[in-house]
Amino acid sequence: MDFKMIAEALKDINKAGAGFLAWLDMEQPGDIRPETDFAEENLRQEILCELKEHIRYIRLLTEYMRKDIVKTGIVDRNEAGEITIDGIVLPLMTELEVLVYDCDLGRDVWTRVFVGGSRRRYLVGLDRKCNVRGIPGRIRE
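Residues numbered from 1 in each chain as written. Predicted model: local features only at pLDDT ≥ 70, side-chain atom pairs only at ≥ 80, totals over all residues. Heavy atoms only, no water.

Asker: Tell me what's going on with the state of the cysteines, and back it up with residues and numbers.
Answerer: What the rule picks out here adds up to zero disulfides. Unpaired in terms of disulfides, Cys103 finds its nearest cysteine sulfur in Cys130, a separation of 10 Å. Residue classification places Cys103 among the exposed residues on the basis of a relative accessible area of 66%. (Disulfide = S-S within 2.5 Å. Buried < 20%, exposed > 50% of the residue type's maximum accessible area, 1.4 Å probe, protein only.)

Asker: Explain unusual backbone geometry residue by residue, including any values.
Answerer: Non-glycine residue Asp86 carries a positive phi angle of around 50°. Notably, Met93 is not glycine yet its phi reads approximately 80°, a positive angle. Counting through the fold element by element, Met93 comes out in the loop between strand S3 (88-89) and strand S4 (95-102). (Helix = DSSP H or I, 4+ residues; strand = E, 2+ residues; numbered from the N terminus.)

Asker: Talk me through the environment of Asp12; I want residue IDs and the actual numbers.
Answerer: The topology assignment puts Asp12 in helix H2 (residues 11-27). Under the relative-accessibility criterion, Asp12 is labelled exposed at 60%. For Asp12 and Met26, which are 14 residues apart along the polypeptide, the C-alpha to C-alpha distance reads 21 Å.

Okay, structure coming up:
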């Protein structure tokens, strides 16, 4: 089953999640209700916050799975220290997939990363010391 088929299979969950988030935003303000036991209300708010976070993440991943690979190439670093793919500078927070060796699995795997760093750019999701030069990469949109 490919990504787009999985995203399609999640369509109903995604729709229900959107409805739940809309209801929660309208009906359940984030403030602690004064008429309730504070300790219980705090737990309720904590659980609702976690639910919102997980539902939003499912929706984000579903959107990601619908994207097409629009660019493939070799990841590198230019003279200024910026991370590039085939010479094109990747702005801060750019998400991409890279093919790296996984020591635990003993083979190459694709993994999602993004460009991070304030002074020195690196790929968040890999060890900061990882040499990014020559790693196959691809971008989805």
